[in-house]
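For reference, the chains in residue letters:
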Amino acid sequence: MGYSEEFLQALLRYTAHTHAAHLLPYLKPGLRILDFGCGPGTISIGLAEAVAPGDFHGVDMEASQIDLAKVFAARDGRDNMTWHVADVLDLPFEDDFFDVAHCCNVLMHVPDTQAVLREVKRVLKPGGLVASREMISESCFTHPDFGVIRRAWDMFEDLLAADEGHPQMGKDMKTHFVEAGFGDIQMGASFDSYSTPEDVAFIYGLALQWFLSDEITEAAVKYGAATPELCDQIGVAYAEWKDHPGAFAAVAHGELIAWNPAS
């Protein structure tokens with residue numbers, strides 16, 4: 001997905017209450033929690049608050065994101081947060097270390113889902129809880145479509161798949177967690193909705209400045225996910241969409257809660 005300023009603005013809209021609401025009822029003071037693939041830590045702050053004075057550990061493989069997370073945590077006055085630049089496939093923790101593990105839109109980007117879940121299971125205590133929220137790309141929509149914007153979602157899916165990602169992970173992850181040995185799995189689904197004038201302007205800016213940027217469109221053409229003509233058509237359609245009185249977009253996610261068996 002990259003680390004452009006435009007995509008960072010999307011991540012800054014994420015909070016524990018908007019993107020980890022399915023987990024919050026299970027959190028209580030004193031728990032030790034892992035947020036793997038934490039990005040700039042905007043969700044992390046709410047998770048750390050929910051378990052304080054328990055320990056929070058955020059992990060991301062991108063140092064620039066951890067640097068941002070430290071800034072946001074300091075600004076919020078959180079003193080129970082520790083940050084690590086590390087790979088989720090090789091977490092810097094001993095076995096049975098955490099009560100809770102969390103991720104949001106991480107499994108969709110990692111080629112080997114089972115390798116991730118084995119490592120998370122290793123650091124999670126027996127009886128510990130894991131929560132994940134992942135995109136279901138084929139259920140996302142931008143309306144009205146003008147006969148072409150759905151192809152932008154298809155283009156996104158093709159690009160993600162070309163990078164060994166999983167654009168439908170939100171509906172596939174229950175199977176992955178069962179195969180990894182987790183139990184008592186609870187699944188749900190929700191949408192991030194964008195309909196206010198501010199939301200519409202945000203989505204248009206994200207489409208124009210990130211998704212239709214030279215970097216993304218060149219990759220799409222390279223991997224056969226789009227043509228220059230299609231990218232131009234998508235740009236025209238989004239320009240029309242932003243001025244339409246019925247403009248509305250929604251991003252679909254699957255939500256999972258599961259437990260590491262006690263024995």
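Anything mentioned here points back to the structure above.
This is a predicted model, so every value here is computed, not measured.

### Regarding unusual backbone geometry
So, step 1. The linkage connecting Ala52 with the following residue, Pro53, adopts the cis geometry, with an omega of 10 degrees.
So, step 2. Structurally, Pro53 can be placed in the loop between α3 (42–51) and β2 (56–60).
So, step 3. Look at the link from His143 to Pro144: it is a cis peptide, with omega at -5 degrees.
So, step 4. Relative to the elements of secondary structure, Pro144 occurs in the loop between β6 (141–143) and α6 (149–162).
So, step 5. One non-glycine residue, Asp96, lies in the positive phi region at around 55 degrees.
So, step 6. The residue Asp96 is located in the loop between β3 (81–85) and β4 (98–104) in this model.
So, step 7. Looking at Asp96, the relative accessible area reads 41%, which means it is partly exposed.
So, step 8. A positive phi angle, close to 65 degrees, is found at Glu164, a residue other than glycine.
So, step 9. As for its position among the elements, Glu164 is in the loop between α6 and α7 (169–179).
So, step 10. The class of Glu164 is exposed, set by a relative accessible area of 54%.

### A word on helix α5 (residues 113–123)
So, step 1. In terms of burial, α5 is a largely internal element, eight of the eleven residues being buried.
So, step 2. Restricting attention to buried positions, one finds in α5 the residues Thr113, Gln114, Ala115, Val116, Leu117, Glu119, Val120 and Val123.
So, step 3. Those residues of α5 hidden inside the fold are in contact with β1 (33–36), β4, β5 (124–135) and α7.

### Details of the pairing of β1
So, step 1. Burial along β1 is two-sided: the residues Ile33 and Asp35 and Leu34 and Phe36 are all buried.
So, step 2. The pairing of β1 with β2 spans four bridges and is classified as parallel. Looking across to β2, one finds that Leu34 is bridged to His57.
So, step 3. In this fold, the crossover linking β1 to β2 by way of α3 has right-handed handedness.

About the cut-offs
- Residues numbered from 1 in each chain as written.
- Predicted model: local features only at pLDDT ≥ 70, side-chain atom pairs only at ≥ 80, totals over all residues.
- Heavy atoms only, no water.
- Helix = DSSP H or I, 4+ residues; strand = E, 2+ residues; numbered from the N terminus.
- Buried < 20%, exposed > 50% of the residue type's maximum accessible area, 1.4 Å probe, protein only.
- Contact = heavy atoms within 4.5 Å.
- Pairing = 2+ DSSP bridges.
- Right-handed = clockwise from strand over helix to strand, strands pointing away.

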